[in-house]
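If you want the building blocks of each chain, they are given just below.
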Amino acid sequence: MVDMPAQNPQRIVLPPHRERARRPRIVRFREWARRNLFNSRAGTALTIITAAILALIVYGVVYFVFVDANWRVITENRWLLFAGGYPMDQEWRLWFSVMFVFLLIGLTYGTWASLGRRDHLFIVLASGFAILLLAHGGAAIWSTIWYLIAVGLLYAGYAIMIRMPREAGPGRTLQQRSVAGLLIAALPIILIVLLAFGGARPRELEGFVLNLVLAPVGIAGGLVIAIPLALGRASRMRAISWTCTTYIEVVRGAPLLGWLFVALFILDDVIGGELIVRAMVVLAVFTAAYMAEYIRGALQALPGGQSEAAHAVGLNQFQSMQLIVMPQALRISIPPMVGQAISIWKDTTLVTVILPLRELKGNADSAIAQFEFTPDRIEAYVFVAVVFWVVAFIMSRISQRVEGSLGIGER
Amino acid sequence: MTTETEATPTRDLESMEDIIIAENVDKWFGDFQALDNISMRIKEHEIVVVLGPSGSGKSTFIRCLNRLEEHDAGRIVIDGIEMNDDVRNLNAIRSEVGMVFQQFNLFPHLSVMNNITLGPRKVRRMPKLDADALAMQLLERVGIPEQAEKYPAQLSGGQQQRVAIARALAMQPKIMLFDEPTSALDPEMIKEVLDVMQELARSGMTMIVVTHEMGFAREVADRLIFFDEGSLVEEGTPQHFFENPQEDRTKLFLSQIL
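Treat the numbers as computed from the prediction; the structure is a model and nothing was measured. (Residues numbered from 1 in each chain as written. Chains lettered and ligands numbered in written order. Predicted model: local features only at pLDDT ≥ 70, side-chain atom pairs only at ≥ 80, totals over all residues. Heavy atoms only, no water.)

### Some thoughts on the overall build of chain B
So the rule is basically this: Counting from the N terminus, the helices are the DSSP runs of H or I reaching at least four residues and the strands are the DSSP runs of E reaching at least two. Every radius of gyration here is taken over C-alpha atoms, with the globule rule written as 2.2 Å times N^0.38, N being the number of residues. Buried residues are those whose accessible area, probed at 1.4 Å on protein chains only, stays under 20% of the maximum for their type, while exposed residues exceed 50% and partly exposed ones sit between those limits. Residue contacts are defined here by distance: any two heavy atoms, one from each residue, within 4.5 Å place the two residues in contact. The Shrake-Rupley method, run with a 1.4 Å probe, gives the accessible areas here. Residue values count only the displayed protein chains as cover.
When its secondary structure is counted, chain B shows nine helices and ten strands. For 258 residues, the compact-globule estimate of 2.2 N^0.38 gives 18 Å, and the C-alpha radius of gyration of chain B, at 18 Å, lies within 12% of that figure. Looking at the 258 residues of chain B, the share that counts as buried comes to 57%. The contacts of chain B with a sequence gap of at least 6 include a subset with a gap of at least 24, amounting to 65%. A total of about 11200 Å² of accessible surface is found on chain B, and carbon and sulfur atoms cover 46% of it.

### Things to note about the layout of surface pockets
The criterion, for reference: With a 1 Å grid laid over protein atoms only, a set of points is called a cavity when a 1.4 Å probe fits there but cannot get out and a pocket when it is open yet has protein on both sides within 12 Å along at least five of seven lines; lining residues have an atom within 4 Å of a point. Grid points are joined across faces, edges and corners, and a volume is the space filled by probe spheres set on the points. Any residue that is not Ala, Val, Leu, Ile, Met, Phe, Trp, Tyr, Cys, Pro, Asp, Glu, Lys or Arg is counted as polar, Gly included; the first ten are nonpolar and the last four charged.
Taken as a whole, the second largest pocket spans an internal volume of roughly 1300 Å³. Looking at the second largest pocket, it is lined by 36 residues, and the ones nearest its centre are A:Arg236, A:Ser307, A:His311, A:Gln317 and A:Met321. Contributions of two or more residues to the lining of the second largest pocket are made by helix 10 (207–233), helix 13 (275–301), helix 14 (305–312) and helix 15 (317–332) of chain A together with helix 2 (87–94) of chain B. No other element matches helix 15 of chain A, which puts seven residues into the lining of the second largest pocket. By residue class, the composition of the lining of the second largest pocket is 15 nonpolar, 13 polar and eight charged.

### Points about the domain arrangement of chain A
Residues and elements named next belong to chain A. As a reminder of what qualifies: For the domains described, the bounds stem from an automatic or database domain assignment. By buried area we mean the combined loss of accessible area, with a 1.4 Å probe, across both parts when two parts are placed together.
According to the domain assignment, chain A contains domain 1 (16–68), domain 2 (76–86 + 208–411) and domain 3 (89–199). The gap between the C-alpha centroids of domain 2 and domain 3 is 22 Å. Both faces considered, domain 2 and domain 3 share a buried interface measuring about 1900 Å² in area, 75% of it formed by carbon and sulfur atoms. If you sort the residues of domain 2 by the area they bury against domain 3, Arg78, Tyr86 and Arg401 come out on top, with a joint share of 35%.

### A closer look at the pattern of salt bridges
All names here are of chain B. Applicable threshold: By convention in these notes, a salt bridge is any Lys or Arg side-chain nitrogen within 4 Å of a carboxyl oxygen on Asp or Glu.
Counted by the stated rule, this structure contains 25 salt bridges over all chains. Between lysine 174 and aspartate 79 there is a salt bridge, and its shortest N-O distance comes to 2.8 Å. On the criterion of sequence distance, the pair formed by lysine 174 in the loop between helix 5 (157–169) and strand 7 (175–179) and aspartate 79 in the loop between strand 4 (73–78) and strand 5 (81–82) is long-range, its members being 95 residues apart. Of the charged contacts in the structure, one is a salt bridge between arginine 162 and glutamate 192, with a shortest N-O distance of 3.0 Å. Residue arginine 162 is located in helix 5, and its partner glutamate 192 is located in helix 6 (residues 187–202); the two are separated by 30 residues in the primary sequence. Taking relative accessible area as the criterion, arginine 162 reaches 12% and is therefore assigned buried. Note on glutamate 192: relative accessible area 23%, which makes it partly exposed. One network of salt bridges, in which partners are shared, links Asp18, Glu23, Arg41, Lys43, Arg75 and Glu82.

### Re the side chain of B:Ser95
Residue and element names in this part refer to chain B. Cut-off, in case you're wondering: Contacts described as polar in this section are N or O atom pairs within 3.5 Å, which, within protein, must combine one atom able to donate a hydrogen with one able to accept it, while residues neighboring in sequence count only if both atoms come from side chains.
Of note, serine 95 is situated in the loop between helix 2 and strand 6 (97–100). By relative accessible area, which is 11% here, serine 95 ends up buried. Within the local environment of serine 95, its side chain forms a polar contact with the backbone oxygen of alanine 92, the two atoms lying 3.0 Å apart.

### Considering the pairing of strand 7 of chain B
All names here are of chain B. As a reminder of what qualifies: Pairing between two strands is assigned when DSSP locates at least 2 bridges connecting them. Clockwise travel from the first strand over the helix to the second, with the strands pointing away from the viewer, marks a crossover as right-handed.
Most of strand 7 is tucked away: five of the five residues are buried. Residues of strand 7 alternate between two faces, with Ile175, Leu177 and Asp179 on one and Met176 and Phe178 on the opposite face, all of them buried. Across four bridges, the pairing between strand 6 and strand 7 is parallel. By the bridge assignment, methionine 99 is partnered in strand 7 with leucine 177. In this structure, strand 7 lies alongside strand 8 (residues 206–210), joined through five bridges in parallel fashion. The residue of strand 8 that forms the bridge with phenylalanine 178 is valine 209. Regarding topology, helix 6 serves as the crossover connection from strand 7 to the parallel strand 8, and that connection is right-handed.

### Topic: the interface of chain B and chain A
Listed by partner, the interface residues are 24 residues for chain B and 22 residues for chain A. Interface area lost by chain B to chain A is led by B:Phe107, B:Pro108 and B:His109, which between them contribute 28%. Taken together, the connections running from chain B to chain A amount to one salt bridge. Inspection of the region where chain B meets chain A yields six residue pairs in polar contact (both at pLDDT 80 or more). Where the side of chain B that touches chain A is concerned, the elements lending two or more residues are strand 6 and helix 3 (112–122) of chain B. Here the side of chain B that touches chain A gets three residues from one element, more than from any other, and that element is helix 3 of chain B. Grouping the amino acids of the side of chain B that touches chain A by side-chain chemistry returns 13 nonpolar, five polar and six charged.

### Here's the deal with the sheet that holds strand 2 (residues 32–43) of chain B
The strands making up a sheet are joined through hydrogen bonds of the backbone, oriented either antiparallel or parallel. Residue and element names in this part refer to chain B. Read from one edge of the open sheet, four strands run 2-1-4-5, paired in antiparallel fashion. On the outer flanks of this sheet lie strand 2 and strand 5, each paired with one strand and no other. Inspection of the sheet shows strand 1 (residues 18–29) paired to strand 4 by five bridges, in the antiparallel sense. Note on strand 4: the bridge partner recorded for isoleucine 20 is isoleucine 78.

### Some words on the sheet that holds strand 9 (residues 223–228) of chain B
Residues and elements named next belong to chain B. The following threshold applies: To get an axis, a line is fitted to the C-alpha atoms, and for a helix only the part in contact is used. The angle between two axes follows their N-to-C directions and goes from 0 to 180 degrees.
An order of 6-7-8-3-9-10 is seen for the six strands of this open sheet, with the pairing classed as mixed. Two strands in the sheet have a free side with no partner beyond their single neighbour: strand 6 and strand 10 (231–236). Sheet twist, expressed as the average angle between the axes of neighbouring strands with direction ignored, equals 20°. Here helix 5 sits on the sheet and contacts strand 6 and strand 7; the angle it forms with strand 6, its principal contact strand, is near 170°. Where helix 9 (residues 248–257) meets the sheet, it contacts strand 3 (47–51), strand 9 and strand 10, and its direction lies at approximately 100° from that of strand 9.

### Quick look at unusual backbone geometry
Residues and elements named next belong to chain B. At asparagine 24, a residue that is not glycine, the phi angle is positive and equals roughly 50°. With respect to the helices, strands and loops of the structure, asparagine 24 is situated in strand 1. If you check the backbone angles, glutamate 229 has positive phi at about 50° while not being a glycine. With respect to the helices, strands and loops of the structure, glutamate 229 is situated in the loop between strand 9 and strand 10. When its relative accessible area of 61% is taken as the criterion, glutamate 229 is described as exposed.

### Points about the packing of aromatic side chains
The condition is simple: Pairing of aromatic side chains here covers Phe, Tyr and the six-membered ring of Trp, requires ring centres within 6.5 Å, and sorts the geometry by plane angle: under 30 degrees stacked, over 60 edge-to-face, intermediate tilted.
Taken as a whole and assessed by the stated rule, the structure comprises 13 aromatic pairs over all chains. Pairing A:Phe208 with A:Trp345 gives two aromatic rings, centres 6.0 Å apart and planes at 75°, and the pair type is edge-to-face. Of the two residues, A:Phe208 is situated in helix 10 and A:Trp345 in helix 16 (residues 334–347); the sequence distance between them amounts to 137 residues. Residue class for A:Trp345 comes out buried when judged on its relative accessible area of 2%. Here B:Phe226 and B:Phe253 contribute two aromatic rings whose centre-to-centre distance is 5.1 Å and whose plane-to-plane angle is 40°, an arrangement assigned as tilted. With B:Phe226 in strand 9 and B:Phe253 in helix 9, this residue pair connects regions lying 27 residues apart in the sequence. Of the two residues examined, B:Phe226 and B:Phe253, each falls in the buried class.

If you want it as structure tokens, here you go:
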């Protein structure tokens, strides 16, 4: 791009685009606008109409958020929405989990990706949103402090990991293995912290906490079931492949809503147990059917030479799967898997529709059922929508970045 | 690895044992007969180059020698081990036969080092340090020790194929199979791979090479074998082949590629 003759610095002739770039920003903007927004009569008309619609929308949103809305329905029901029936004197367990998750996000980003300007902006905005929520209306200052410590842990974990050398080697392998190990152990650790040793009873998981428990259990459980399912479907043994195919087709054939009914009525007789456990089983079983198909697709996309080469160096069938084929297939299937994860994340709201389990949306219903907040329906649901979006966006963002950096080893 | 490091072209192959025996081997793909009654014996330390037009069954034949394809009839014996449904025999054979593929087939998610050490560590239970040392030694041998920590996608085609050769050698095989090892390479990279193969041949390795590199065949091979339509049409020394081919199909093939 920069093509200045280096030998003769006195007589630099700027190419036209550099000359243009030198002019004041406002002039350049005016030129850009004329070219792109007002290039013809029809174009000008379209620009004006679009601008008017945009202005109306922005005005509407700003007016609603800052003037019209009564956010007390949220701030007054903070605990109800987020933790519901979780024992209040065990609040530290929730905060420990939040800090742990934030630390993990920092470690993950530091190991496989890097935080860009947009990521920092997102963290600042989301934190502003969170602090507004935690501190508004004279709440105890402690929750804000816990939150800030969590963000501090995110950056601390990031700062440590980003300083490690990225070049392949024993150190890098150890780093990746440790972080991956922590990620795998995270869900059991959090469940233990939340429930064991004097924590809540399972049925006391409510509100946003319930969504945050159900979705990862569904996703992780689904993945664990999906891998053998995908292999089974691709198996040459008829009985196995037929069984797996039937599972996939049957489970995908009915909506999640229907399967939650099964959890409510049928599974009660068969396995009994806590309703929440039955909901987890259904979510995992349902997710597995979709994930198995994504993995099967990835297995088919993998060049046949890979398993041939694995056999040629003497690996047996199991080793070839475990060391060569599966790692690559799972990597290929990351994008659709994340799509499925986000989908199941949003579908956790369905447990409120069918089961007497009160997740975030269900507790939002409870919040507006209180007499003084009945007019604030829209506020409550807008809030729920924004919270879901924030988490879904984080999932999509992390997967994009991690996927990009895993691409190094791709062919 | 081998005692015969200073082999000369006039080696005494006659006194060597047959390390590969194929008798009346048939192979079918559905209704298509890929191999028709192939019989051949290959001696230890022998370099055999297999020629033939595409679809002639030459690749299928060498893939049968480490059972990437199962033969349907006949028998194959590798270093005294019968190739059959016995998994122990299969594993024993596969660890004695190294293979290099046209498309390299390196494992893209593993570093060069791990590509090479995977077999020794997982199959031979070699300790990691020993396997790493062996891998470095082999990378020196194929001339790219500085690439050890890179990933396959970061290497040129020629470098990838040399890693693939090192990977096969890491299992310390007695026999090396090459399935068109230079066909997927840019012309300027073919020589670096052929040089490695030539060095390997001099070291006394038993090699079966499917290739269209006639220079290599002429210089390195002890014996040339010509396949066409699943049959073994003609075999002989390079001299016999290039100066006095007998069969019409051989003559036609040679006239097309020389």
